[in-house]
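Listed here are the chains, written in short residue letters.
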Amino acid sequence: MATFTFQDISFLAPKQKLWTPADISTLLWLDNVDTSTVTLATGISQWNDKSGNGKHISQASGSQQPTIVANSLNGLSGVQFVRGSDQFLANLSTAVSPDKFRVVCVMQKTGSAGGMILKNGSLANDNTAGSALGFGGTTYDDSGNNFIFLHEWVQWCPTTYAISGSTPTIVSALMGSKFHAPSGTNDGPLGVTFNGALPYTFATQNNFPTRAAANSFYVGGGNTRGLDCILYELVAFPWDYPNLDAPIYTEGYLAWKYNLQSNLPSDHAYKSGPPTI
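The following refers to the structure shown. (Residues numbered from 1 in each chain as written. Predicted model: local features only at pLDDT ≥ 70, side-chain atom pairs only at ≥ 80, totals over all residues. Heavy atoms only, no water.)

### Considering the side chain of serine 45
Stage number 1. Secondary-structure assignment places serine 45 in strand β5 (residues 44-47).
Stage number 2. Ignoring anything within four residues of it in the chain, the contact list for serine 45 reads Thr39, Leu40, Ile57, Ser58, Gln59, Gln65 and Leu89. (Helix = DSSP H or I, 4+ residues; strand = E, 2+ residues; numbered from the N terminus. Contact = heavy atoms within 4.5 Å.)

### Notes on the side chain of aspartate 228
Stage number 1. Following the sequence through the fold, aspartate 228 ends up in the loop between β17 (217-219) and β18 (229-238).
Stage number 2. Within the buried set, aspartate 228 has no salt-bridge partner at all; the shortest N-O distance to an opposite charge, 5.8 Å, is to arginine 83.
Stage number 3. At a separation of 2.7 Å, a polar atom in the side chain of aspartate 228 contacts the main-chain amide nitrogen of arginine 83.
Stage number 4. Contact partners of aspartate 228, with chain neighbours within four places excluded, come to Phe81, Val82, Arg83, Gly84, Gln108, Lys109, Thr110 and Gly111. (Buried < 20%, exposed > 50% of the residue type's maximum accessible area, 1.4 Å probe, protein only. Lys, Arg positive; Asp, Glu negative; His and termini not counted. Salt bridge = Lys/Arg side-chain N within 4 Å of Asp/Glu carboxyl O. Polar contact = N/O pair within 3.5 Å; in protein donor to acceptor, adjacent residues only side chain to side chain.)

### Some points on the pattern of salt bridges
Pairing is possible between side chains of opposite charge, provided their charged atoms come close.
Stage number 1. Tallied over the entire structure, the rule returns five salt bridges.
Stage number 2. A salt bridge links aspartate 23 to lysine 17; the shortest N-O distance between them is 2.9 Å.

### Observations concerning the packing of aromatic side chains
Aromatic ring pairs are reported here in terms of the distance separating the ring centres and the angle at which the planes meet.
Stage number 1. Applying the stated criterion across every chain yields a total of five aromatic pairs.
Stage number 2. For the ring pair tryptophan 19 and tyrosine 253, a centre distance of 6.1 Å and an interplane angle of 75 degrees mean the geometry is edge-to-face. Pair noted here: tryptophan 19 is in the loop between β2 (9-13) and β3 (28-31) and tyrosine 253 is in helix α1 (residues 246-257), with a separation of 234 residues, a long-range link. One exposure class covers both tryptophan 19 and tyrosine 253, and it is buried.
Stage number 3. Relative to tyrosine 270, the ring of tyrosine 249 lies with its centre 5.5 Å away and its plane at 55 degrees, an arrangement referred to as tilted. Within this pair, whereas tyrosine 249 is found in helix α1, its partner tyrosine 270 is found in the segment after α1, the two being separated by 21 residues in sequence. Per residue, the accessibility class of tyrosine 249 equals that of tyrosine 270, and both read buried. (Phe/Tyr/Trp six-rings, centres within 6.5 Å; stacked < 30°, edge-to-face > 60°.)

### A look at the nonpolar core
Stage number 1. Membership of the largest hydrophobic core comes to 31 residues, with the highest contact counts inside it found for Trp47, Met107, Ile117, Leu118 and Leu231.
Stage number 2. Membership of the second largest hydrophobic core comes to 22 residues, among which are Leu76, Tyr232, Tyr253 and Ala255. (Core = buried A, V, L, I, M, F, W, Y, C linked by side-chain atoms within 4.5 Å.)

### A few points about the environment of isoleucine 68
Stage number 1. Positionally, isoleucine 68 belongs in strand β7 (residues 67-73).
Stage number 2. A residue is classified by how much of its surface remains accessible, and isoleucine 68, at 35% relative accessible area, is partly exposed.
Stage number 3. Sequence separation between isoleucine 68 and valine 79 is eleven residues; the distance between their C-alpha atoms is 4.8 Å.
Stage number 4. Filtering out sequence-adjacent residues up to four positions away, isoleucine 68 remains in contact with Asn32, Val38, Leu40, Ile44, Ser77, Gly78 and Val79.

### Concerning the pairing of β7
Stage number 1. Here β7 runs beside strand β8 (residues 76-81); their pairing, made up of four bridges, is antiparallel. Residue pairing for β8: threonine 67 is matched across the bridge by glutamine 80.
Stage number 2. Taking the residues that link successive antiparallel strands as the turn, the β7-β8 hairpin has two residues, and the phi of asparagine 74 there is positive, at about 55 degrees. (Pairing = 2+ DSSP bridges.)

### Comments concerning unusual backbone geometry
Stage number 1. Unlike most non-glycine residues, asparagine 74 shows phi in positive territory, near 55 degrees.
Stage number 2. By the secondary structure assignment, asparagine 74 is in the loop between β7 and β8.
Stage number 3. On the basis of relative accessibility, which here comes to 28%, the residue asparagine 74 falls in the partly exposed class.
Stage number 4. Positive phi outside glycine occurs at asparagine 259, with the angle close to 60 degrees.
Stage number 5. In this structure, asparagine 259 sits in the segment after α1.

### Quick look at the pairing of strand β15 (residues 169-175)
Stage number 1. Judged by how many residues are buried, β15 sits mostly within the fold: seven of seven residues are covered.
Stage number 2. Both faces of β15 are covered, namely the face carrying Thr169, Val171, Ala173 and Met175 and the face carrying Ile170, Ser172 and Leu174.
Stage number 3. Inspection of the sheet shows strand β10 (residues 101-109) paired to β15 by seven bridges, in the antiparallel sense. Bridge pairing in β15 places arginine 102 opposite leucine 174.

Honestly, it's all geometry; don't read function into it.
Have a look at this one:
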């Protein structure tokens with residue numbers, strides 16, 4: 001018998017331990033709660049990747065460095081990005097993945113303007129290289145709906161599910177520079193969930209343009225296209241990871257770590273307890 005503690009969770013279980021992203025092969029794992037991964041200067045000058053792939057992100061300019069917000073969620077810290085100061089961290093030599101991948105993160109909007117939280121690739125004005133995960137703010141579709149987007153093309157979601165600044169949210173999304181939804185499909189493989197649930201159906205879109213493989217990535221946007229937000233943790237892994245439950249495990253891990261388990265749907269595998277192995 002052994003005792004396992006995970007924040008305020010303590011229980012006895014034979015031959016079990018709490019699951020973490022260290023138990024799978026990840027592409028990228030950013031966890032500021034592990035203070036050994038964060039280098040502080042004016043703000044955060046470097047945030048190290050825990051995946052083992054060395055995809056660390058950095059920012060040399062002091063005014064553009066995001067800051068640590070202590071005791072922000074369940075007593076844990078977060079990384080705050082301010083769009084008006086063009087705060088972001090980047091890796092300019094490699095992408096999260098040159099192809100499609102799944103990302104799961106805990107984030108909280110802190111402003112009304114829309115923008116990107118993760119940009120994989122350059123996303124130049126011609127929008128031919130890369131993809132992005134972001135949220136609408138003052139920009140809407142023809143029906144007045146806020147949006148979440150993958151690539152520069154948007155996937156609409158009802159305003160009911162727009163993320164407010166007061167609501168920390170677990171967001172899971174499939175994204176990638178070579179990936180697009182089949183023409184004429186509504187709820188295809190571009191799956192996005194909020195707190196472990198798929199709350200809406202994508203509007204029909206045309207095919208995405210052919211995109212070059214990404215070779216860089218940005219957290220917090222960059223180029224004045226970032227999102228006012230607090231990012232707590234971000235995990236990315238291949239979209240076709242052999243264990244198809246990896247996104248569910250990650251949602252459960254993040255929910256219980258940040259005390260968001262009450263936001264999970266009643267039928268979520270980890271509604272009543274964190275994932276163990």
